[in-house]
Amino acid sequence: MKIIIDISRILNEKAGVGRYCRNLLHHILSKDSKNEYLLVGAYLKNAVAKKKILNEFKKDNVRLKIFPLPSRIKESLWQAKLPILANVLPSADIYLALSFLDFPFWVKAPKV
């Protein structure tokens with residue numbers, strides 16, 4: 001299966017939802033090497049710290065797509081129904097968003 005997971009909360013929140021999601025993702029990836037994962041997210045500040053977090057998720061079945069945008073702008077774009085955005089992310093079997101703001105309405109995948 002192809003699974004897209006929005007990791008913006010992991011990159012931008014150190015406690016609460018960010019910590020929970022980070023631990024959840026570590027557990028999922030430690031148990032599953034069959035499915036293909038695309039981790040998507042956005043950040044603009046603290047690049048060194050964010051890259052350190054991203055390195056935690058490096059595996060053969062994991063790819064990254066990071067947008068150099070503030071999270072608020074990414075969230076606004078995800079909520080927009082602009083046809084041009086349809087090519088930003090590939091189709092997937094599942095799209096997991098860790099916040100309702102992280103659901104892109106234009107992705108063709110069941111949303112969890």
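Up top you'll find the structure we're talking about.
First, a word on what this report is: a plain description of the structure on this page.

Criteria and thresholds
Residues numbered from 1 in each chain as written. Predicted model: local features only at pLDDT ≥ 70, side-chain atom pairs only at ≥ 80, totals over all residues. Heavy atoms only, no water. Pairing = 2+ DSSP bridges. Helix = DSSP H or I, 4+ residues; strand = E, 2+ residues; numbered from the N terminus. Axes fitted to C-alpha atoms, helices over the stretch in contact; angles between N-to-C directions. Buried < 20%, exposed > 50% of the residue type's maximum accessible area, 1.4 Å probe, protein only. Right-handed = clockwise from strand over helix to strand, strands pointing away.

### Quick notes on the sheet that holds strand S1 (residues 2-6)
Stage number 1. With parallel pairing, the four strands of this open sheet are ordered in space as S3-S2-S1-S4. Strands at the two margins of the open sheet, each flanked by one partner only, are strand S3 (62-67) and strand S4 (94-96). The mean inter-strand angle of the sheet, taken between neighbouring strand axes irrespective of direction, is 20°.
Stage number 2. Sheet analysis places strand S2 (residues 36-42) next to S3, joined by six bridges and oriented parallel. What sits directly across from Ala42, in S3, is Phe67.

### Points about the pairing of S2
Stage number 1. Along S2, six of the seven residues are buried, which leaves the element largely enclosed by surrounding structure.
Stage number 2. Examined bridge by bridge, S1 and S2 share five bridges and lie parallel to one another. Following the sheet pairing, Lys2 is matched in S2 by Glu36.
Stage number 3. The β-α-β motif built from S2, the intervening helix H3 (residues 47-55) and the parallel element S3 has right-handed crossover chirality.

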